[in-house]
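A look at the structure
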Amino acid sequence: MGRPSGLLLAASASIATAVLTAPPAFADAADYDGLPVDPNVITDSVAYHSDAPVIDPDGTPGIEIVYTHRDGTRAISDRVLVLPDPQEAIAALDVRRGDALADIPGATSRPMAIGQNGTLITGRATNGQSESVLLFTQGPAVAAVKFSGAASDPVPLDLVTDYGKQQDANIRAALNTQ
């Protein structure tokens, strides 16, 4: 739908990002609005709220949004970036994986059947919170979503899986891929 071929999306969560060179963004920044997943849809609730999304976070074409649970104890950070090609998506995924492992000492990492190269990194972050970081690529896209909560209240695997599948679907729809 008028998007350049080789378009690459990346979703990331509040993880330090590498400086990447990116192609022209979608025709309009409003095109990014449908990329992040609203956790209220996944949880069938109205428990999460967000501030305004950040368009082109860190100067990279894309969108970032943070959803906070109404009780303030949980958050989901979702970032979608637009990169030049699938190889840079994989490189960005590797950078984010390294960042997550550095932020979560002693983390466990396991493959996830979400998108391509799906990985879930979980453990206790340096700030004492439980964190789960979902990373995956989808064609020319890379996604990362961070779930944060109290050390005694890690995110349930089914929420990570459902959220990740919806994020993958949003990216595939934006890229017009199956």
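See above for the structure.
Please read all numbers here as calculations on a predicted model, not as lab measurements.

**Considering the pairing of strand β7 (residues 116-124)**
Pairing analysis gives 4 bridges linking strand β6 (residues 108-111) to β7, with the strands arranged antiparallel. Within β7, the residue paired with Ser-109 across the bridge is Ile-121. Alignment of β7 against strand β8 (residues 130-138), held across 7 bridges, turns out to be antiparallel. In the sheet register, Thr-122 faces β8, and the bridge partner there is Ser-132.

**Description of unusual backbone geometry**
Backbone phi values are negative for most residues with the exception of glycine, while trans is the configuration of most peptide bonds. Even without glycine at this site, Asp-44 takes up a positive phi of about 50°. When you line up the elements, Asp-44 lands in the loop between α1 (39-43) and β2 (48-50). For Asn-117, which is not glycine, the phi torsion reads 60° and is therefore positive.

**Re the environment of Glu-88**
Inspection of the secondary structure assignment puts Glu-88 in helix α2 (residues 86-103). Counting along the chain gives 52 residues from Glu-88 to Pro-140, while the straight-line C-alpha distance between them is 8.5 Å.

**Thoughts on the nonpolar core**
Residues Leu-134 and Tyr-163 are the most contacted members of the largest nonpolar core, which totals 19 residues. Within the residue set of this core, elements represented by two or more residues are β4 (62-69), β8, β9 (141-149) and α3 (157-175). With sequence-adjacent residues up to four places away left out, Tyr-163 is seen in contact with Val-37, Pro-39, Ile-42, Tyr-67, Ile-76, Asp-78, Val-145 and Phe-147. Judged by nonpolar contacts, the second largest core, of 12 residues, contains Ala-89, Ala-92, Leu-93 and Ile-104.

**Examining the packing of aromatic side chains**
Any two aromatic rings considered together are summarised by their centre-to-centre distance and by the angle between their planes. On inspection of all chains with the given rule, the structure shows 1 aromatic pair. Arranged with centres 5.5 Å apart and planes meeting at 85°, the rings of Phe-147 and Tyr-163 form a pair that is edge-to-face. With Phe-147 in strand β9 and Tyr-163 in helix α3, this residue pair connects regions lying 16 residues apart in the sequence. Residue Tyr-163 is classed as buried on the basis of its relative accessible area, which comes to 0%.

**As for the pattern of salt bridges**
According to the stated counting rule, one finds 7 salt bridges in the structure shown. The partner of Arg-74 in a salt bridge is Asp-71, with the nearest N and O atoms 3.1 Å apart. Exposure remark for Asp-71: the relative accessible area of 43% places this residue in the partly exposed category. Here the salt bridges do not stand alone but share partners, grouping Asp-58, Glu-64 and Arg-79 into one network.

**Here we look at α3**
Look at α3: 27 Å from first C-alpha to last across 19 residues, which is about the 27 Å you get at 1.5 Å a residue. Those residues of α3 lying buried are Leu-159, Val-160, Thr-161, Tyr-163, Gly-164, Gln-167, Asp-168, Asn-170, Ile-171, Ala-174 and Leu-175. Just beyond α3, the residue with positive phi is Asn-176, at close to 55°.

**A closer look at α2**
At 3.6 residues per turn, the α-helix brings residues three or four places apart onto the same side. If you check α2, its first and last C-alpha atoms are 25 Å apart, about what 18 residues at 1.5 Å a residue would give, namely 26 Å. In this structure Asp-85 caps α2, since a side-chain oxygen of it lies 3.0 Å from the backbone nitrogen of Gln-87.

**Regarding the pairing of β9**
Summarising burial for β9: 9 of the 9 residues are buried, a large majority. On β9, burial covers both faces: Ala-141, Ala-143, Val-145, Phe-147 and Gly-149 on one face and Val-142, Ala-144, Lys-146 and Ser-148 on the other are all buried. When strand β5 (residues 75-83) meets β9, the two strands line up antiparallel, connected through 6 bridges. Note on β9: the bridge partner recorded for Ile-76 is Phe-147. Looking at chain direction, β8 and β9 are connected through 9 bridges and run antiparallel. What sits directly across from Leu-135, in β9, is Ala-144. Between β8 and the antiparallel strand that follows it, β9, lie 2 residues; Gly-139 among them carries a positive phi value of about 55°.

Criteria and cut-off values
- Residue numbers here run from 1 along each chain, matching the order of that chain's written sequence.
- It should be noted that, the model being predicted, local features are given only for residues of pLDDT at least 70 and side-chain atom pairs only at 80 or more, the latter also being counted only at that level, while totals for whole chains, interfaces and linings use all residues.
- By convention in this description, side-chain values take in all heavy atoms of the structure and omit both hydrogens and water.
- Strand pairing is assigned whenever DSSP detects at least two bridges linking the two strands.
- Strands are runs of DSSP state E lasting at least two residues, helices are runs of H or I lasting at least four, and both sets are numbered from the N terminus onward.
- The criterion is simple. A nonpolar core is a set of buried Ala, Val, Leu, Ile, Met, Phe, Trp, Tyr and Cys residues joined through side-chain atoms within 4.5 Å.
- Partly exposed describes any residue whose relative accessible area lies between the buried limit of under 20% and the exposed limit of over 50%, with all areas from a 1.4 Å probe on protein chains only and scaled to the type maximum.
- Any two residues whose heavy atoms approach within 4.5 Å at even a single point are treated as in contact.
- Working definition: a ring pair exists when centres of Phe, Tyr or Trp rings (six-membered ring for Trp) sit within 6.5 Å. Plane angles under 30 degrees give stacked, over 60 give edge-to-face, the rest tilted.
- Think of a salt bridge as a Lys or Arg side-chain nitrogen and an Asp or Glu carboxyl oxygen that are within 4 Å of each other.
- To estimate the expected span of a helix, count its residues, drop one, and scale the result by 1.5 Å.
- Residues adjacent in sequence count toward polar contacts only when both atoms are side-chain atoms; beyond that, a polar contact is any pair of N or O atoms within 3.5 Å, and within protein one must be able to donate a hydrogen and the other to accept it.

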